Amino acid sequence: MRNSRIKRPIVGKLLLYIGIPLLIVYSVILILNYFWSKDNALQQMKDYLVELTAHHASDLNADFAKIAEIPQLLAEFYVSVDQPSRPELEKILTNLIEVNSYISGLTLAFEPYSYERNTRLVAPYVYKKDGQIIVSDMAANGDYTCADWYSIPALLRKPYWSEPYYQQSSEPILMCSYSVPICQNGNMIGIATANISLQDIKRRMVDINIMNGYTFLISRYGTYIYHPNEKDVMKETVFSKAVKYNLPVMRELGRDMVLGKRAVKAFPDPITGYRQMIVYTPIRANGWTLSAVMPERAILSTVYALIVKQLGLMVVGLFVIILIMIWAAYSITNPLRKLVKMTEKLATGDLNVQMENIKGRDEIHELAMVFNKMVIDLKHYINDLTAATKEKEAVESELRIARHIQESLIPRIFPPFPHRKEFALFARCIPAKEVAGDFYDFFFLDEDNLVVVIADVSGKGVSASLFMAVTKTLIKAKSNEFSQPHKILENVNIELCRDNDSAMFVTTFLAVFNAKTGAFTYCNAGHNPPYLLRPDGKISQLENTAGMALGVWEDCQYSCREIKLQKNEIIYLYTDGVNEAMSEENEEFSYARMEAFLSEIREETPRQITEKSLQTVKEYTGAAEQSDDITILVLKNLL
Amino acid sequence: MKKNLILVIFILLAITLPAQENNAVKFELHWFPQAQFAGYIMAAEKGFYEDAGLNVALYFSDGSDSPLQKLADREIDFCTAWLSQTIALRSAGMKIVNTCQILQKSSLLLMAKKESGITSPQDLNGRRIGLWSGDFSIQPKAFFNKYDIECQEVRQSYNIHGFLADAWEVASAMRYNEYYKIILSGIDEDELVTFSYADYDLNFPEDGIYTCQKTWQQQPEICGKICSASLKGWEYAFQNEEEALQIILKYCDEYKMQTNYAAQKWMLEVIEESIKYQCGDDPESWGKLKIEDYNRVTGILLDQKIISSVPDFADFYRGEK
């Protein structure tokens, strides 16, 4: 099942980073291969056509040269002997035509009155008709002197290959003739002419078989003598076709041809417009041109077939590679997916998951192994944690109990002596930890004398609280034996110093307040000096007495002082948790701030003063953690 | 008696006058079918003669006969012929009349390859020049007289091979025919220099439609209809060149002519130029023989003593004025 959070799966990345580059490389190879194959095929075809046309042009050239020999021979013969009689001439011509099968007619045509003084035109003519050799006279057909075969070589005084022409008979036969002037003593006395049928040449042209292509033969003026399209023969010229199909390039080709050039060129098919390769070679004997035409599409068809095959192979190859990539991707992602599921299970708290059946020795296998180890480690850790938590919970529970016990050790009911109107008293202890090292206490020694204690054990936590409990108990016990504050503390100190291996100590302020007289006798064992608050707002610290914190030195001597509290005068007891309360900026609350606050107190009850004090400190410390126990005890004399 | 005589003459006339039944008309064109006769062919093919109520049978001369003689012999009713030839025959007594002068401009010219170094008429002096005989020789003679040219005149066959083979340095050609055959043999126009007789004040209007005087006198309407339908045929051919060419090529195939599309297209264009020469594009103005052309031709014919007297223009030309 596909995970919808996975936007780019690995299989996609494989296709992107391997499949597409592979496709590009394949395509480039294919394209390059196409061009190379194309060039190669065109070159091969070009070589083939050049050789083919050269071969056939050479054959034709040889044939025409051979034909030309006969009238040449006749002309030379005629002037080398005494003028033969007409029958002799006819016999010579008949013999020659019999021997030379490729000649269809022979003429010896004379200039007017040059052969016979009384006869204007004499032209013995021997020709073949239906296998018979017929003897006649060309003059019988009219004045031959203006016919091309006669007049042109006569004027030029040189041999002349006529343009092809149709010999009119039952079936028009394409002919051409070769005429040689007969010159005697510098005078042109006649023309020797051989006629040949072009049927043989036509048959030979037909036999030149170029698959998908064709050959054609044009005269020295561009007239088609042979063309696969019979309709063009003797009607069209290369140039008329150029006009018909509006192809100036064809005219240029034609010009090249009639000028006897040899070339290989490309030009568009007049009808389809497809590129064709044309090779043309001149036939030197008579100025004709043999051409071979091959459509490039035909030449390239094998290349196209090859490319299509390669394309097919490429598609199949790519398909196989894609399948392999998908398989490879799944072989990677399957265990990963399993791992994801396992991790999700793990996240829900199931520690019994394990990756199983991971094959191979690869990174995935390593990951699975690490995962399994992680699960086992996690399991151990969780077990350890559970045990530790249980232990902690037990400790915490015990601490809670200790706190309750501690809380029960110090009086918590206010007002503590509702029936006593001589004074008002309120106290609070806020531990920094579960259990406090601070404590306060008050109890009557007798009907009138109230003992008031505030103390601060060094350190915090359980040890401090235990020390506090001991101290408190001792104070209470010693208060039963002694009534003077310094005596009480001296004895408590002795007890505390005994077996005090942990070197703990406790600063203590202990006072005995006579509710009737307002006498306030106190002893300060290293504790912060309490404040005396007068109703007019004046404040003062109680003077210190001799002695140091309890538990430090067994032989320490303590003294006491006595003051008399006037009506509404207040004794403000506190521990250093108040003046040393730290702000968020790590700055102490300080005596100065405490005194400023205390100096504003006038009519408030001890409860109000205590709560206001706590609130002021709380506001000052803000979010900072409480660093020490805070204990405040306020006693107000109401008499 | 007198009445009977008139009746006999009338019957005799009816028997001897051809083309009376169903207005059947024999019309012979003076050469093989080609674009030179496109207008008549189109008039026949597109039914313009029929529309005029004429049943025209077109004939093409193969050069071995004389259509004008056949006209005189009443074997045919109409034929086309050259102006110079018909004036000479009229002057010699043949009662033929011109009913419509189709070609206004002479297409006859002399041409030479530029490589021969010929650039002006004077350069023709001493050159071997191919000339045709008969009517084709009148303008050359006048031209040579005019520019005092003495040259070697060679009888030219009706093809261009002698020129291509340099047997004649200069050759005669019809601009619509032989001249373009040279072009279609691979010689570019800019490789040739030409002397068009028409450009040297020797313009001889060529093809016109002729009939014998009697036909004209007896059936002037038919004469008019032949001319107007023929001109309509020409107008159609120029407006529908491709169609006309295809039809002409079909005729050429039937007559086994060794011609092609390009040649016929060129011919039609040159003929159009000749018909519209000094007349413009409006068919209404086509087909008229101008007195100045007549005078020019007769003047030269007199000069060359081909005619001894000039036939009266009004008697000779019966077409639209």
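Preceding this paragraph is the structure being described.
Residues numbered from 1 in each chain as written. Chains lettered and ligands numbered in written order. Predicted model: local features only at pLDDT ≥ 70, side-chain atom pairs only at ≥ 80, totals over all residues.

Participant: Before we go on, may I ask you to explain the overall build of chain B in this structure?
Facilitator: On a plain count of helices and strands, chain B comes out with 14 helices and 10 strands. Buried positions account for 49% of the 321 residues belonging to chain B. Summarising the internal contacts of chain B: among those between residues at least 6 apart in sequence, 80% fall at separations of at least 24. (Helix = DSSP H or I, 4+ residues; strand = E, 2+ residues; numbered from the N terminus. Buried ≥ 20, exposed ≤ 12 C-beta atoms within 10 Å, placed from the backbone. Contact = placed C-beta atoms within 7 Å.)

Participant: Which parts of the structure should I look at to understand the sheet that holds strand E10 (residues 263-268) of chain A?
Facilitator: What holds strands together in a sheet is hydrogen bonding between their backbones, with the strands either parallel or antiparallel. All names here are of chain A. Spatially, E9-E8-E12-E11-E10 is the arrangement adopted by the 5 strands of the open sheet, whose pairing is antiparallel. Each edge of the open sheet is held by one strand with a lone partner, namely strand E9 (224-226) and E10. Taking each pair of neighbouring strands and ignoring which way they run, the sheet shows an average axis angle of 35 degrees. Note that strand E11 (residues 275-283) and strand E12 (residues 288-295) share 8 bridges and pair antiparallel. Paired with Met-277 across the two strands is Met-294, which belongs to E12. Contacting E10, E11 and E12, helix H1 (residues 10-80) runs over the sheet at an angle of about 30 degrees to E11. (Pairing = 2+ DSSP bridges. Axes fitted to C-alpha atoms, helices over the stretch in contact; angles between N-to-C directions.)

Participant: Just to check I follow, could you spell out the sheet that holds strand E17 (residues 519-525) of chain A for this structure?
Facilitator: Residue and element names in this part refer to chain A. Strand order across the open sheet formed by 5 strands is E14-E15-E16-E17-E20, with antiparallel pairing between neighbours. Each edge of the open sheet carries a strand with a single partner, namely strand E14 (438-444) and strand E20 (561-564). Direction aside, the axes of adjacent strands within the sheet are offset by 15 degrees on average. Sitting on the sheet, helix H9 (residues 461-481) is in contact with E14, strand E15 (449-457) and strand E16 (506-514), with an inclination near 155 degrees to E15.

Participant: Where do I start with the interface of chain B and chain A in this structure?
Facilitator: As a measure of interface size, the accessible area lost when the parts come together is often cited. Every contact between the two is made by 20 residues of chain B and, on the other side, 22 residues of chain A. Of all elements in the fold, only strand E7 (152-155), helix H7 (161-164) and helix H12 (261-275) of chain B reach the threshold of two or more residues within the side of chain B that touches chain A. Class assignment of the residues belonging to the side of chain B that touches chain A gives a composition of 9 nonpolar, 9 polar and 2 charged. (Nonpolar A, V, L, I, M, F, W, Y, C, P; charged D, E, K, R; others polar.)

Participant: It is not clear to me how unusual backbone geometry should be interpreted in this structure. Could you clarify?
Facilitator: Peptide bonds are trans in most cases, and residues, glycine excluded, mostly fall at negative phi. All names here are of chain A. For the peptide bond that leads from Phe-414 to Pro-415, omega is -5 degrees, which places it in the cis range. Within the secondary structure, Pro-415 sits in the loop between helix H8 (363-409) and strand E13 (423-430). In this model, Asn-185 sits at a positive phi of 55 degrees, which is unusual for a non-glycine residue. Turning to its location among the elements, Asn-185 is positioned in the loop between strand E6 (173-184) and strand E7 (187-197).

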